Structure formats: C-alpha cells, structure tokens
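Listed here are the chains, written in short residue letters.
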Amino acid sequence: MEFEKLSRYFFRLFTDLGLSDNLALFLNITLNLVCVLVVAYFFSKILRIVLVKVFQKAFSRSETKFDDYFIENRVFIKLTNLVMLFIVKGFVPFIFSDFPDYIDNIQTFLSILILFAIILTVRGFFNTINSYLKTLESFKNKPVDSYVQVVMLFIWLLGFILVFSLLTGETPWEFLTALGAISAIILLIFKDTILGFVASIQISINDTVRIGDWITMEKFGADGDVIEINLNTVLIRNFDMTVTSVPTYYLNSESFTNWRGMQEMGGRRIKRPIIIQISCVRFLSVEEIDKLKKIGLLKEYLSKWLEEHGAKAKNDKSDGRTVNNRNLTNLGVYRKYVNLYLKQHPGLHKDFSMMGRLLDPTPQGIPLEIYAFSNDTSWLVYENTAGDIFEHLLAAIPYFYLQTYELPSDTSFLTGVDPKEDELGSEEK
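Residues numbered from 1 in each chain as written. Predicted model: local features only at pLDDT ≥ 70, side-chain atom pairs only at ≥ 80, totals over all residues. Heavy atoms only, no water.

J.: For this particular structure, what's the right way to read unusual backbone geometry?
T.: Both trends apply: most residues other than glycine have a negative phi, and most peptide bonds are in trans. Phi at Met-241 takes a positive value of approximately 70°, unusual for a residue other than glycine. Not every positive phi belongs to a glycine, and Tyr-401 is a case in point at roughly 60°. Examined against the element boundaries, Tyr-401 turns out to sit in the loop between helix 16 (379–396) and helix 17 (410–415). Residue classification places Tyr-401 among the buried positions, given a relative accessible area of 17%. (Helix = DSSP H or I, 4+ residues; strand = E, 2+ residues; numbered from the N terminus. Buried < 20%, exposed > 50% of the residue type's maximum accessible area, 1.4 Å probe, protein only.)

Structure follows, in structure tokens:
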C-alpha cells in the first residue's frame, strides 16, 4: 500500500542521514504516528463542521427543541472523536508493522478507548432525551433523571464487563459468572442505588412526589420545593435558599408532608388561636347589647335577639336573672362577630370550612381558634391575609369587654394600667 511505501521511504531517509537502524526505526514510527493523528484530527474536524452545518440547517426548520439539546450535549463532537479513534486503530498495523508483538496490545488499548467513546456518545444521546422530556408537560414532574441514570448504570456496567473481557481475553459470560459469586458484596456496594431505583419507580407510579412540589421532612430539616429527583438523592431548595439532599428511598420509608394538595385545591389553611382571659367572660346587659348594635356586622343579629328576649331580660328583677333567663355573653357575641367577619373577608375561600371555635380551656385562658382557608396559596399573600384577620380581631376584643392573655412584664406591675374601658361608650361621650 501507499502508506507502507511512504513508511519505507522515511526509514531510508533517516538511515541515509547516518542514524542507526534503531533510532531511524523509532523516528519513523513516531513520524508515521504523528501523521496519522494529524490526518485523523483534521478528518474528524472537517466531518464535525460538515455534520454541524448540515444538521443545523435541518434543525432550523424544526420546531422541536430536541435538536437544540442534541447540539448542546455535544453529540456530534463525540461522534467525530469516535471516528478519529477508528481511523487511528485502522492504521496501527501499518505503523507498527516492524513491531508485530506490540500490535495486539495497542489494538486492545484503542478498543478500550473506542468503547469508552461509544459510552460517552450514548450518554450524550440519553442526556439529550432527558433534557427534551423535561420540556414536555406530561414529563415535567416525573423523575426522568432516575430512569436515565439507571440506563446509564447498566451501560457502564456492560462497558466494564467488555473492558475486562478485552484485557483478559475471557468471554463476558465468564465474568458474569464470577460476579454471581460475589453478588452479596455487589448488593452491599450498590445498596443505595438499588433502593433508590425501586423508590424512583414507586414514586413515579404512586405519584407521591413531583418536581416542583413543596414538601416538608422534619427529620432532615427540609422545607421547600423539590428541584431534582435522581437515582440516589432528592434535592430540595428550602425557603431560606439552602438546598437539602435527601436519599431517594427515604421518600418511601420515612414520613413527609407534601403540600401539593393544598396548592391544587387553591386554599391554604389558617389555624391560629386567640387566648381569652376566662375571668373576663360574663353576661351582657341589655344596655351593653344595645351599644354593640352599633357594630355593623352584629346589628341584625343583636336586633333580632333584643326583639325576642330584650323586654323580658330588662323587666326581670329577680335575683340571678342572668343565669335563669336567656342571655348573651360577651365571648359568645365576640365569637359570632368572628364568624361573620370571616364570612365577609375577601381573602378567604368561601367553599372551605370557616369558623371561630372554642377549644378546651388552658391555664392561660380559653383559646378561640380561627379556622379558615385563604383563597391564595402563595406564602406572601397567605401571611398578609392571616395578619390582616388577626390584627383586626385583636383590635376588636376590647369592644366586647374582653381581654387577651399576655404574660405580665415588669412595667405591668409598676404602672398598674387598667384594662381598656368600653370603646363604644367612650365614643358616645
């Protein structure tokens, strides 16, 4: 062949220059190898330019993003590198024709490089598929990373088996037989990977966690949005912008809270109590009820009560009349006001439960719990809605002759400030 003639020509040229045969042979092989590498490099470079231009022109007419990810993951470059290795391997028998004993070893080494180049090319292709599937609405919330990693794990395992076969000259089946003998060790080494793979499948089938879900795992201090689900870990971006890594299989073996249902239903629960001092709870007089009628939300309710029971309560002069007769308490009227206020609040979801309810008394007082759902699940709007409700209800408490529980401070003992007096009465004055 022409390459052999060129090789002999260089060898004669070096010997004519007065170099020894061994040195001339070494320089000849080095020069031939450099020439092949240069030719292979330029050939792959030209092929890369041609492929990129041809496919870019074809991809520009396509509306799908698959081709963009194909270029982004450098699949063309990996293919041309593979071609370059095949060219070099094809010329090895001619370059090292004077060293036949080394040809097989060099060919084996190049075969291993080609094998790894193929695996990297396949990985680039699967990364392209992974990136493309994430753009599809039906796959956005699925743990696609886990499936790609499982496929690549088997491909890498197959690659190492083939490398072992090339190095030892044994068949892959013999290597697999040897693996069976040490399967217990393999299971121990890849325990987390196997558990993560099984967990990924269960997560996908049961739809327990999706990318973008807000989850809480107190054991790991995780409270935020899921940003990635892969074979071994789930990454959660907490609300303080830190990232927590949780083993994937813990999503099956440990309890956690997924707030997706709350977000899908469009209502976020408000469940906070106001602690009322029990000593302030008492019956209201007819005069006090009449003053409370000035509160717009209570006007209809109190007017109706006064029509039905007011005259009897006012004319009854017997001792203990407030206990024997039908009477209103300041806490009961305030609870009615809370329920009416919640119903007309624009920030609450009207289709969900909404109430002010009394809980069991405590040493601090009696809790009046506000139970409702905001109609916007975003954190900022939710906190603003809850704050607006409680600010109003706390400010309204003195109008009902009530007091909230608060641990006394040193200034409370010094000043002896009296509880706030009748607001409605002071307004009249």
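J.: In this structure, what is going on with helix 16? I would like to understand it.
T.: When the terminal C-alpha atoms of helix 16 are compared, their 26 Å separation across 18 residues agrees well with the 26 Å that a helix rising 1.5 Å per residue should span. Of the positions making up helix 16, those classed as buried are Tyr-382, Thr-385, Ala-386, Gly-387, Ile-389, Phe-390, Leu-393 and Ala-396. Where helix 16 is buried, its residues contact strand 6 (268–276), helix 15 (330–344) and strand 8 (366–374). (Expected span 1.5 Å × (residues − 1). Contact = heavy atoms within 4.5 Å.)

J.: In this structure, what is going on with the nonpolar core? I would like to understand it.
T.: Soluble globular proteins: nonpolar side chains tend toward being buried together. Membership of the largest hydrophobic core comes to 37 residues, with the highest contact counts inside it found for Tyr-334, Tyr-337, Ile-389, Leu-393 and Phe-400. Put simply, the parts of the chain that give this core at least two residues each are strand 6, helix 12 (286–292), helix 13 (299–315), helix 15, strand 8 and helix 16. For this core, the leading source of residues is helix 15, giving 7 residues. Look past the residues within four positions of Tyr-334 in its chain and what remains in contact with it is Ile-274, Leu-368, Leu-393, Leu-394, Ala-396, Ile-397, Phe-400 and Leu-402. (Core = buried A, V, L, I, M, F, W, Y, C linked by side-chain atoms within 4.5 Å.)

J.: Sorry if this is basic, but what is going on with the pattern of salt bridges here?
T.: Counted according to the given criterion, the structure contains 7 salt bridges. Two residues, Glu-383 and Arg-272, come together in a salt bridge whose shortest N-O distance is 3.3 Å. Of this pair, Glu-383 sits in helix 16 while Arg-272 is found in strand 6, placing the two residues 111 residues apart along the sequence. The class for Glu-383 is partly exposed, based on a relative accessible area of 34%. With a relative accessible area of 30%, Arg-272 lands in the partly exposed category. With a closest N to O distance of 3.8 Å, Lys-293 and Asp-290 form a salt bridge. Overall, the relative accessible area of 42% leaves Asp-290 in the partly exposed class. Residues joined by salt bridges that share partners form a network here, namely Lys-271, Arg-357 and Glu-369. (Salt bridge = Lys/Arg side-chain N within 4 Å of Asp/Glu carboxyl O.)

J.: It is not clear to me how the side chain of Arg-268 should be interpreted in this structure. Could you clarify?
T.: Assignment of secondary structure puts Arg-268 in strand 6. Put simply, Arg-268 is tucked away with no salt bridge, and the nearest opposite charge, on Glu-383, sits 5.3 Å away. A polar side-chain atom of Arg-268 sits 3.4 Å from the main-chain carbonyl oxygen of Thr-377. Not counting the four nearest positions on each side in its chain, Arg-268 is found in contact with Trp-214, Met-262, Ala-372, Phe-373, Ser-374, Thr-377, Ser-378, Trp-379 and Tyr-382. (Lys, Arg positive; Asp, Glu negative; His and termini not counted. Polar contact = N/O pair within 3.5 Å; in protein donor to acceptor, adjacent residues only side chain to side chain.)

J.: Just to check I follow, could you spell out the sheet that holds strand 5 (residues 257–258) for this structure?
T.: Note on sheets: strands pair through backbone hydrogen bonds, and any given pair is parallel or antiparallel. Strand order in the open sheet formed by 5 strands is 4-3-2-1-5, and the pairing between neighbours is antiparallel. The open sheet is flanked by strand 4 (243–247) and strand 5, the only strands paired with a single partner. Bridge count for strand 3 (residues 233–238) against strand 4 is 5 bridges, and the pairing is antiparallel. What sits directly across from Val-234, in strand 4, is Val-246. (Pairing = 2+ DSSP bridges.)

J.: Sorry, what's going on with the sheet that holds strand 8 here?
T.: One open sheet accounts for 3 strands, arranged 6-8-7; its pairing is antiparallel. The outermost strands of the open sheet, each flanked by one partner alone, are strand 6 and strand 7 (355–358). Mean inter-strand twist for the sheet, computed between neighbouring axes without regard to direction, equals 20°. Inspection of the sheet shows strand 7 paired to strand 8 by 4 bridges, in the antiparallel sense. Looking at the pairing, Leu-358 lines up with Leu-368 of strand 8. Packing of helix 16 onto the sheet brings it into contact with strand 6 and strand 8, and relative to strand 6 it is tilted by some 25°. (Axes fitted to C-alpha atoms, helices over the stretch in contact; angles between N-to-C directions.)

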